[in-house]
Amino acid sequence: MNILRLAIPSPLRRTFDYLARSPEDSELKPGTRIKVSFGRRELIGLLLEVVDKTDIPSDKLKPIIAVLDEKPVIPSYIIDLALWAADYYQHPLGDALFHAVPTYLRKGNSAHLAPHTVWCAEPLGAEKISSRASAQKALFELISAHEHGVSKAALTAEGANTALLSKLAASGAISEHEISATPNHPEHLLKEPPLALNTEQQAALHRITESEGFTSYLLDGVTGSGKTEVYLQAIHHCLSSGRQALVLVPEIGLTPQTLQRFHHRFRCDIVVMHSNLTDKQRFEAWSKAKSGQAAIVIGTRSAIFTPLETAGIIIVDEEHDGSFKQQDGFRYSARDLAIVRGHGEQIPVVLGSATPALESLANCHKQRSNHLTLRSRAGNAQAPTFALLDIRKKPLTNGFSSDLLALIKKHLESGTQALIFINRRGFAPSLMCHSCGWISECRRCDARMTLHQSPPHLHCHHCDSQRPIPRQCDHCGADDLRPMGTGTERAEMTLKQHFNDVPILRVDRDSTARKGAMDNIIAETLKGEPCILIGTQMLAKGHHFPKVTLVAILDADGGLFSTDFHGMERTAQLIMQVAGRAGRASHPGHVVLQTHQPDHPLLNTLTTQGYEAFAKEELLLRQQYHQPPFTHMALLRAEASTQGRSIALLQAIRDHFSPHAPYCQWSGPFPSPMEKRAGVYRAQVSLTAAQRPALQHLLKLICTTLETHPLANKVRWSVDVDPYDL
Ligand code: ADP
Ligand code: ZN
Ligand code: ZN
């Protein structure tokens, strides 16, 4: 009996067996799409293997419906990667595997793309057109103007009547040609010469390019130290040997500025994979990567599953960034999978950051990864200076101390720019009744609703609920409702009141929602005239503002006292990231942090000795408290529409398993930091163990139990291995 074992996109943690229809079916290769009936539906599955035995009774075994591909669409090393990830992250295998299948293919479309063709004029073509056919003549002339031919789409764009193409072709005046992939000639790869590297860059590049097979590197260098230049030259080395490069960037880091640097350097096919593409566009980019036509593939998290015909290097820029970890569903880390993939395909992997994740630094200490450091800024740029601005007992105007306002004035007067970072969009984080203390809370979340002024409304940033601004207090009816705290809109207003002669450019999700808005703000800033940029995280990443000499962080205290042990690390990374915007090129930068905690030890280490010293101290603390990366952690999360149900389930799991797993520390179950969100109640329990295999084994047992647990009936549960936040 020939049995086809398939992965099916379903929440069930197993494979599914179907009967081959013919001997040919049993010749099929893994990675082929197969249509089957599943329950009452028809679904597309992916063939994993052909076997000759199954536990399914033969009267229950259904034959497949159709085979969709002649050749596998997903190569085996991508299947292996996805299966590895399903196992490691405790995720249903079919669902994990289908993350590696482009949506276009998941929907059953043909994997063959129509070849790109162009129309070319024949040498004596003009003579073949009847003199009265003036429209055909016009079209012919248009085509002849294109020496190397022109596509139908381009002709349509030029306003031509393409309905006449077949007539012209029939008369022999024009002909259609398939354009083959532009071969990537090693000697023509560069559009611009590479920069002459400084000693540290050279050493780093040398280490990366001398490696054979898999080696993992951490390229650790402050912003502006020339990491990107090292990537570009490492990529050049890789392309020169006929191989392709995969570059992962954070979601927010895929800016036109980043792409431009690749396009300016290389004369090869570069494809970009991100979530704003249509299914078809994404599939086209994917196909170019898979066929080897695209020499460089740049993408966000999910691009880690892109097949490359001849992968030569994987680079993960800003490797510490949270967007590499998927925060729902299949909770994988693309950064960590990059290492797994590099190992599987025996190619080097470079993780780069100005503020490496503590686990990446720990991997270097354990000699699992090679630490390459760039300490000086490239070119002539100088490092910024830091100052803590003690705002205890100081009067604040919507979050600004008078010292800060004076500093901004000074920098603007000297002809440079200032950047103010504030991590809250909207006008004010909440609205409060001055009579009774009532606060505008979201009805669906344990959270306050943010007050927005343009346009005026209350908005919950957690569940997206919106409501008009009440005129009177919901509780006591008084009409004295006041905004509490400062968001970007209010900070912008405050700055406008103080500095009415320079542009104030606000950057947050609201101000940049319109297409092109962000580009305009960047263009305006790059003109170099004095201005003030004010914004959220969106400002902190990827952009280079050479004329910014003052960077101010309005509230540096936010993350210092988080209940999540990652809080301090994230705060330090954010501060350094924002600071990195200052003092590029030849203008030295000043970074000012407003704080109520000027004596906070880690804040002081960070600002006086830098991130490396901070990381060292923080790692010591993690070790003392037996926290990751010195232990391994997983979180069981649960959510339900009634309070208490999630906790009850997690408690039952803990009661059942903890007596048999003395190697594992349990913490919880507790309500999650925001227990109610979007109408559901959430809870979690964390498991920590010194040995990863023991923890993994336990998690498997827990998942199996949860799948059929009576209390799990109305609860959505999930496992989060190596959680990014708690
Ligand atoms: P990072 O990626 O570490 O932030 P970049 O590679 O973007 O740093 O370099 C910062 C700036 O310094 C860029 O303008 C870059 O062109 C320039 N630069 C990088 N390496 C060199 C070098 N070896 N010589 C001169 N300029 C350099
Ligand atoms: Zn009131
Ligand atoms: Zn809400």
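What counts, and at which threshold
- Residues numbered from 1 in each chain as written.
- Chains lettered and ligands numbered in written order.
- Predicted model: local features only at pLDDT ≥ 70, side-chain atom pairs only at ≥ 80, totals over all residues.
- UniProt positions renumbered as here; feature names shortened; annotations may be inferred.
- Helix = DSSP H or I, 4+ residues; strand = E, 2+ residues; numbered from the N terminus.
- Rg over C-alpha atoms; globule rule 2.2 N^0.38 Å.
- Buried ≥ 20, exposed ≤ 12 C-beta atoms within 10 Å, placed from the backbone.
- Contact = placed C-beta atoms within 7 Å.
- Pairing = 2+ DSSP bridges.
- Right-handed = clockwise from strand over helix to strand, strands pointing away.
- Core = buried A, V, L, I, M, F, W, Y, C linked by C-beta atoms within 7 Å.
- Axes fitted to C-alpha atoms, helices over the stretch in contact; angles between N-to-C directions.
- Parallel < 35°, antiparallel > 145°, perpendicular 65-115°, else oblique.
- Left-handed = near helix turned anticlockwise from the far one by under 90°.
- Nonpolar A, V, L, I, M, F, W, Y, C, P; charged D, E, K, R; others polar.
- Domains from an automatic or database assignment.
- Expected span 1.5 Å × (residues − 1).
- Arc of directions from axis to C-beta.
- pLDDT = per-residue confidence, 0-100.

The chain goes by Replication restart protein PriA in an unreviewed UniProt entry, where it is assigned to Neptunomonas marina. In the Function (unreviewed entry) part of its UniProt record, the chain is described as follows: "Initiates the restart of stalled replication forks, which reloads the replicative helicase on sites other than the origin of replication. Recognizes and binds to abandoned replication forks and remodels them to uncover a helicase loading site. Promotes assembly of the primosome at these replication forks." Reading the Subunit (unreviewed entry) entry of the UniProt record for the chain gives the comment "Component of the replication restart primosome."

Asks: Provide a residue-level description of the overall build of the chain, including the pertinent values.
Replies: Per the secondary structure count, the chain includes 20 helices and 31 strands. The globule rule puts the C-alpha radius of gyration for 726 residues at 27 Å, and the 29 Å found for the chain is close to it. Along the longest, intermediate and shortest principal axes, the C-alpha atoms of the chain span 85 × 70 × 60 Å. Taking all 726 residues of the chain together, the buried fraction comes to 41%.

Asks: So, unusual backbone geometry: which residues are in play, and what are the values?
Replies: The amide bond that connects Pro 628 to the next residue, Pro 629, takes the cis arrangement and shows omega of 5 degrees. Tracing the backbone through its elements, the reader meets Pro 629 in the loop between helix H18 (611–624) and strand S28 (632–640). Here the residue pair Gly 668 and Pro 669 is connected by a cis peptide bond, since its omega of 10 degrees sits within 30 degrees of zero. Along the chain, Pro 669 turns up in strand S29 (residues 664–677). A positive phi is found at Gln 346, a non-glycine position, where the angle reads about 55 degrees. Topologically, Gln 346 is positioned in the loop between helix H11 (334–345) and strand S13 (349–353). Of the residues examined, Gln 346 has 11 C-beta atoms within 10 Å and is grouped as exposed. One non-glycine residue with positive phi stands out, namely Ala 678, at about 50 degrees. Tracing the backbone through its elements, the reader meets Ala 678 in the loop between S29 and strand S30 (680–689).

Asks: Kindly report on the UniProt feature "binding site: Zn(2+) 1" (unreviewed entry) in the chain, identifying the contributing residues and their values.
Replies: In the UniProt entry, the feature "binding site: Zn(2+) 1" (unreviewed entry) is given for Cys 433, Cys 436, Cys 473 and Cys 476. A compact arrangement is adopted by the annotated residues: their sequence extent is 44 residues, whereas the largest C-alpha distance between any two is 8.6 Å. Examined against the element boundaries, Cys 433 turns out to sit in strand S19 (residues 430–433). Setting aside its immediate chain neighbours within four residues, Cys 433 contacts Trp 438, Cys 473, His 475, Cys 476, Ala 478, Asp 480 and Leu 481. Taking the number of C-beta atoms within 10 Å as the measure of exposure, Cys 436 has 13 and is therefore partly exposed. Not counting residues within four places of it along the chain, the set of residues in contact with Cys 436 comprises Cys 473, His 475, Cys 476 and Ala 478.

Asks: Describe the pairing of strand S10 (residues 270–273), listing the residues and the values that go with them.
Replies: Remark: a regular strand shows side chains that alternate across the two faces of the sheet. Where S10 meets strand S11 (residues 296–299), 4 bridges bridge the pair, whose relative direction is parallel. For Val 272, the partnering residue across the bridge sits in S11 and is Ile 298. Tracing the backbone out of S10, into helix H10 (residues 279–291) and back to the parallel element S11 gives a crossover that is right-handed.

Asks: Can you lay out the nonpolar core for me, pointing to particular residues and giving the numbers?
Replies: Formed by 108 residues in total, the largest nonpolar core has its most connected members in Leu 6, Ala 82, Leu 97, Ile 296, Val 297 and Val 350. The dominant element in this core, judged by the number of residues it contributes, is helix H8 (residues 227–240), at 7 residues. Apart from the residues lying within four places of it in its own chain, the contact partners of Ile 296 are Ile 235, Gln 244, Ala 245, Val 247, Phe 262, Phe 266, Cys 268 and Ile 270. Membership of the second largest hydrophobic core comes to 51 residues, among which are Leu 361, Phe 386, Leu 505 and Val 507.

Asks: Mind laying out the packing of helix H19 (residues 645–657) against helix H20 (residues 692–708), listing which residues take part and the relevant values?
Replies: The N-to-C vectors of H19 and H20 enclose an angle of 130 degrees; their axes lie 11 Å apart at closest approach. As the angle between them shows, H19 and H20 are arranged oblique. You can see that H19 and H20 cross each other, and the crossing is right-handed. On the side of H19, the interface is formed by Ile 653, His 656 and Phe 657, while H20 contributes Leu 698, Ile 702, Thr 705 and Leu 706. For the contact of H19 with H20, the class distribution of residues is 5 nonpolar, 2 polar and no charged.

Asks: So, the sheet that holds S10: which residues are in play, and what are the values?
Replies: Strand order in the open sheet made by the 7 strands is S10-S11-S9-S12-S13-S8-S14, with parallel pairing throughout. Only two strands of the sheet have a single partner each, and these edge strands are S10 and strand S14 (370–374). When the angles between neighbouring strand axes are averaged without regard to direction, this sheet yields 20 degrees. Here strand S12 (residues 311–317) runs beside S13; their pairing, made up of 4 bridges, is parallel.

Asks: Can you tell me about the domain arrangement of the chain, naming the residues and giving the values?
Replies: Bring the parts together and some accessible area is lost; that lost area is often taken as the interface size. Its domain assignment divides the chain into domain 1 (3–107), domain 2 (116–179), domain 3 (199–374), domain 4 (385–426 + 486–625) and domain 5 (632–721). Here the C-alpha centre of domain 3 lies 43 Å away from the C-alpha centre of domain 2.

Asks: Provide a residue-level description of the packing of helix H17 (residues 601–609) against H18, including the pertinent values.
Replies: Their axes nearest at 7 Å, the elements H17 and H18 cross at an angle of 150 degrees. Relative to H18, the element H17 lies roughly antiparallel. Contacts between H17 and H18 involve Leu 602, Thr 605, Leu 606 and Gln 609 on the former and, on the latter, Tyr 611, Ala 613, Phe 614, Glu 617 and Glu 618. Its residues placed into classes, the contact of H17 with H18 shows 5 nonpolar, 2 polar and 2 charged.

Asks: Requested: an account of H20, with residues and values cited.
Replies: In this model, H20 (17 residues) spans 25 Å end to end at C-alpha, consistent with the 24 Å of a helix rising 1.5 Å per residue. The set of residues buried in H20 consists of Leu 695, Leu 699, Ile 702 and Leu 706. Projected down its long axis, H20 carries its buried residues within an arc of 65 degrees, all on one side. Residues of H20 that are exposed and point more than 90 degrees away from the buried face comprise Pro 693, Thr 704 and Thr 708. Summarising the contacts, the buried residues of H20 are in contact with S28, H19, S29, S30 and strand S31 (716–721).

Asks: Break down the environment of Ala 111 for me, citing the residues and quoting the values.
Replies: Along the chain, Ala 111 turns up in the loop between helix H3 (103–106) and strand S6 (117–121). As a C-alpha pair, Ala 111 and Asp 69 span 42 residues in sequence and 7.4 Å in three-dimensional space.

Asks: Account for the sheet that holds strand S21 (residues 456–459), naming residues and giving values.
Replies: Strands sit in the order S20-S21-S22 across an open sheet of 3 strands; the sheet is antiparallel. Looking at which strands have only one partner, the edges of the open sheet turn out to be strand S20 (450–453) and strand S22 (466–467). Where S20 meets S21, 4 bridges bridge the pair, whose relative direction is antiparallel. Bridged to Leu 451 within S21 is Leu 458.

Asks: Let's hear about the environment of Thr 209: which residues, and what values?
Replies: Relative to the assigned elements, Thr 209 resides in helix H7 (residues 199–210). Considering only alpha carbons, one finds Thr 209 and Gln 233, 24 residues apart in sequence, at a separation of 9.3 Å. Not counting residues within four places of it along the chain, the set of residues in contact with Thr 209 comprises Ala 234 and His 237.

Asks: Residue-level account of the confidence of the model for the chain, with values.
Replies: Within the chain, residue pLDDT values average 92, and 98% of them lie at 70 or more. Across the assembled chains, the prediction reports ipTM 0.98 with pTM 0.89.

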